[in-house]
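Overview (structure and organization)
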Amino acid sequence: MPNRKSSFKNRFSFYLLAIGSACGLGNLWRFPYIVGENGGGAFLLLYVFLALTIGLSLMISELMIGRYTGLSILAASRNVTAKYKKTIVGLSWFSLTITAMTLSYYSVISGWVLHYLTQFVTSLFYDEPVKYLSNTSVNVLLQSGWLQFLLASVHLLITSIIVLKGFGEGMEKKISSLLPLFGILVIILLIGSLSLDSTKDVLRFLFYPDFSKLNWSSLGHAIGHVLFTLSLGFGTIVTFGGYLDKDEHLPTIGLRVTLVDTAISIIAVLLVFPIAFSSSKQLATDPSLLFDVMPMFLSSIKGGVLFGLIFFLFLWLAALNASIGLFETITANITEKNQSMSRSVATSLSGILIMLMTVFPAFSGSIFKNVSIMGRSMIEFFDATLINVFLPIAALGIVMLFFLSINKQTRKKLFINDSMPTSIAMYSHWEFVLKWVVPVVVILALVTLMIGAFLRS
Ligand code: PFF
């Protein structure tokens, strides 16, 4: 299996990679508008609770499948007993299809980031860069399908080349090791944003939970985002788990990745909301939020053009890293299933297919402006249906794969670390959450989403 034994020479590089894949546009771009759409504090609380229970439990189970089988989901699902094999293989294909669709959609949003990056670079060649930047509206971009398609294709091409060269062979480690610098930049910007007058209102909005703001769709939105931001349900963490050293304690890894990702999401809302609140009375609660407010804020502060350039460069690198994770999942699954297919053929064929899929989200605001699927525009369909509906179903499929491919004794052995007494106590809680809480809550979320959609129509 080519490149499967990718070397995480030390634990730190695995963390960088896993965190690098988890932290991406989901944290900085998607989370703020989802929190805005669902009314703030109460949703934030619900989200954090679900991330630390359902998200963490699922993350450990995915890491375990990868570690135990050494395979990605498609190949692992073929070892399941005959009775369930067809269902599990089918669900694994479903996951893989979602991964490909997500990558196409993710490439379009990464293209938006590339657009702003080039705008900040171009502005340096103008006498009045701030004036130049003030003319950049996200709406112009949204209406230009060809521009979005072109930018998404460039992003996808760069991702494919890196994946083609082989996962774990340097590039994504380099990108991952740059990302802590992004963290520092975000904290500097956070200080600037929290010193705005609107901060008091924002803190009240985010930390005084008003449960009456939750609606029928909130649970579904929270579960969907937990899965998306922690890269669960795609099979990515299973593939990553297969790369890990045998002596790593998986629950500890899962906990650290979940905590860091959740902390970054909270920092993201603290960064974006003060700016959004002070720039308009009407809070944008759709995908344009980050792109509506960040460029304006950046170009208005001292040295902001440079800050803006670095911010969008890092944001794009984070998006690139996450895209590599998504693409690697697809390539690993295909090459493991079909061992006669080379890595380059698998990557090129899937790259072309994904590029064709980007047509739908990219032209959503232009050619497909009048197309509506279940009452949603093309890009809204990609976002909401893929993440809130399909992804949770795929995650349930992975839970089934987990219970069918690892027996109780092995699960216990993989979970418990003798030098950590808490792991003995946690073991039964974790299994209970995975076996009962995850399916019940996911099904409940899907039902309430349907009720919400029905009431809205
Ligand atoms: N977790 C990423 C984000 O929050 O942006 C998205 C993602 C990356 C999902 C990689 C899946 C994946 F394999």
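Predicted model, so just to flag it, every value in this text is computed and none were measured.

Let's talk about the overall build of the chain
- When helices and strands are counted, the chain shows 20 helices and 0 strands.
- What you see for the chain is a C-alpha radius of gyration of 21 Å, in line with the 23 Å of a compact globule of 457 residues.
- In terms of principal-axis extent, the alpha carbons of the chain reach across some 65 × 50 × 45 Å.
- Counting every position in the chain, which comprises 457 residues, the buried fraction comes to 58%.
- Counted over contacts in the chain with a minimum sequence separation of 6, partners at least 24 positions apart contribute 82%.
- With an accessible surface of roughly 19,200 Å², the chain has 68% of that area assigned to carbon and sulfur atoms.
- With 31 positive and 21 negative side-chain charges, the chain shows a separation of 9 Å between the mean positions of the two kinds.

Description of the side chain of Asn333
- Structurally, Asn333 can be placed in helix H15 (residues 304-337).
- Relative accessible area serves as the criterion here: at 0%, Asn333 is assigned to the buried category.
- Separated by 3.4 Å, the side chain of Asn333 and the backbone nitrogen of Ile73 make a polar contact.
- Residue contacts for Asn333: discarding those within four places in its chain leaves Ser72, Ile73, Leu74, Leu96 and Thr239.

Thoughts on the site of the ligand
- Near the ligand there are 15 residues, and of these Ala22, Gly26, Tyr106, Phe228 and Thr236 occur at the shortest range.
- Between Ser21 and the ligand, the recorded distance is 3.4 Å, taken from a backbone N or O atom to a nitrogen atom.
- At 3.1 Å, a backbone N or O of Leu25 approaches an oxygen atom of the ligand.
- For the ligand, the accessible surface in isolation is 340 Å², of which the surrounding protein chains cover 100%.
- Residue assignment for the shell around the ligand shows that the elements contributing at least two residues are helix H1 (11-22), helix H2 (25-37), helix H11 (218-229) and H15.
- Taken together, the residues that form the shell around the ligand break down as 7 nonpolar, 8 polar and no charged.

Here we look at the pattern of salt bridges
- Under the definition given, this model contains 6 salt bridges.
- One salt bridge in this structure joins Asp201 and Arg204, with 3.7 Å as the shortest N-O distance. Here the residue Asp201 and the residue Arg204 both occupy positions in helix H10 (residues 199-207), the gap between them amounting to 3 residues, near one helical turn.
- Owing to a relative accessible area of 40%, Asp201 belongs among the partly exposed residues under this scheme.
- Arg204 sits in the partly exposed class, given a relative accessible area of 46%.
- Across the salt bridge formed by Arg343 and Glu328, the nearest N and O atoms sit 2.6 Å from each other. Highlighted residues: Arg343 in helix H16 (residues 343-357) and Glu328 in helix H15, separated in sequence by 15 residues.
- Each member of the salt-bridge network shares a partner with another, and the members are Lys408, Arg411 and Glu431.

Concerning helix H20 (residues 421-456)
- Compared with the 52 Å implied by 1.5 Å per residue over 36 residues, the 50 Å span of H20 between its first and last C-alpha is a close match.
- If you look at H20, its biggest bend is around 40°, right at Val433.

Quick look at the nonpolar core
- Counting 140 residues, the largest nonpolar core has Phe291, Met294, Phe311 and Phe312 as its most contacted members.
- Residues contacting Met294, with those up to four places away along its chain left out, are Leu189, Leu271, Ile275, Phe311 and Phe312.

Some remarks on the packing of aromatic side chains
- Across all of its chains, the model carries 26 aromatic pairs by this definition.
- Seen in terms of ring centroids, Phe182 and Phe314 are 5.5 Å apart; in terms of plane orientation they differ by 25°. Their pairing is stacked. Linking Phe182 in helix H9 (residues 171-194) with Phe314 in helix H15, this pair joins segments that are 132 residues apart in sequence.
- With 5.2 Å between their ring centres and 90° between their planes, Phe311 and Phe312 make a pair best called edge-to-face. In this pair, the class of Phe311 matches that of Phe312, namely buried.
- Aromatic rings pair up to connect Trp112, Tyr116, Phe120, Phe182, Phe291, Phe311, Phe312 and Phe314 into one cluster.
- The ring centre of Phe228 lies 5.6 Å from the NZ or CZ of Arg30, which sits over that ring.

Details of a nonpolar patch on the surface
- Residues Val121, Leu124, Phe125 and Tyr126 make up a contiguous nonpolar surface patch of roughly 430 Å² in combined accessible area.
- Among the secondary structure elements, Phe125 is positioned in the loop between helix H5 (82-123) and helix H6 (129-134).

Some remarks on the environment of Ile109
- Assignment of secondary structure puts Ile109 in helix H5.
- Ile109 gets classed as buried once you look at its relative accessible area, which sits at 0%.
- Between the C-alpha atom of Ile109 and that of Ala42, which follows or precedes it by 67 residues, the distance is 27 Å.
- Once residues lying within four places of it in the same chain are set aside, the contact partners of Ile109 are Leu25, Trp29, Phe291 and Ile379.

Comments concerning the side chain of His115
- Tracing the backbone through its elements, the reader meets His115 in helix H5.
- By relative accessible area, which is 11% here, His115 ends up buried.
- Look past the residues within four positions of His115 in its chain and what remains in contact with it is Thr136, Leu141, Leu147 and Leu151.

Re a negative patch on the surface
- A surface patch of negative charge is lined by Glu37, Asp286, Asp292 and Glu380.
- Within the secondary structure layout, Asp292 lies in helix H14 (residues 289-300).

Describing the confidence of the model for the chain
- Of the residues in the chain, 94% have a pLDDT of 70 or more, and the chain-wide mean is 89.
- Across the chain, H11 holds the top mean pLDDT of 97, while H1 sits lowest at 73.
- Long-range and interchain partners of residues 1-8, a stretch whose pLDDT sits below 50, account for 22 contacts in this model, where long-range means more than four residues apart.

What counts and what doesn't
- Chains are numbered independently. Their residues run from 1 in the order of the written sequence.
- Restriction of local features to residues with pLDDT of at least 70 applies here, the model being predicted, together with a cutoff of 80 or more for giving and counting side-chain atom pairs; totals for whole chains, interfaces and linings are based on all residues.
- Side-chain figures throughout are based on the complete set of non-hydrogen atoms in the structure, without hydrogens or water.
- Secondary structure elements follow DSSP: runs of H or I of four or more residues count as helices, runs of E of two or more count as strands, with numbering from the N terminus.
- We compute the radius of gyration from the C-alpha atoms alone; for a globule the expected value is 2.2 Å times N to the 0.38, where N is the number of residues.
- Only protein chains enter the accessibility calculation, which uses a 1.4 Å probe; a residue whose area is less than 20% of its type maximum is buried, one above 50% is exposed, and one in between is partly exposed.
- Contacts are assigned to residue pairs that have any heavy atoms within 4.5 Å of one another.
- Only the protein chains shown count as covering a residue, and every accessible area follows the Shrake-Rupley method with a 1.4 Å probe.
- Note that His is not counted, nor are the chain ends; the positive residues are Lys and Arg, and the negative ones are Asp and Glu.
- Charge positions come from single atoms, namely NZ of Lys, CZ of Arg, CG of Asp or CD of Glu.
- The definition of a polar contact used here is a pair of N or O atoms within 3.5 Å, where within protein one atom must be able to donate a hydrogen and the other to accept one, and adjacent residues in sequence count solely through side-chain atom pairs.
- Working definition: residue near molecule or strand if any one of its non-hydrogen atoms lies within 4 Å of it.
- Gly is placed with the polar residues, together with every amino acid not listed as nonpolar (Ala, Val, Leu, Ile, Met, Phe, Trp, Tyr, Cys and Pro) or charged (Asp, Glu, Lys and Arg).
- Any carboxyl oxygen of Asp or Glu within 4 Å of a side-chain nitrogen of Lys or Arg constitutes a salt bridge here.
- For a helix, the expected span equals 1.5 Å multiplied by the residue count minus one.
- The angle separating two fitted axes, one through the seven residues that finish at a residue and one through the seven that start at it, defines the bend at that residue.
- The nonpolar core is taken to be a set of buried Ala, Val, Leu, Ile, Met, Phe, Trp, Tyr and Cys residues, with the residues joined through side-chain atoms within 4.5 Å.
- Side-chain rings of Phe, Tyr and Trp (the six-membered ring for Trp) are treated as a pair once their centres are within 6.5 Å; stacked means planes under 30 degrees apart, edge-to-face means over 60, and tilted covers the remaining angles.
- A ring is scored as having a charge over it whenever the NZ atom of a lysine or the CZ atom of an arginine sits within 6 Å of its centre and within 35 degrees of its normal.
- To count toward a patch, a residue needs a relative accessible area above 30% and no salt bridge. Like charges then connect within 9 Å, nonpolar side chains (Val, Leu, Ile, Met, Phe, Trp, Tyr) within 5 Å.
- Residue-level confidence of the predictor, termed pLDDT, takes values from 0 up to 100.

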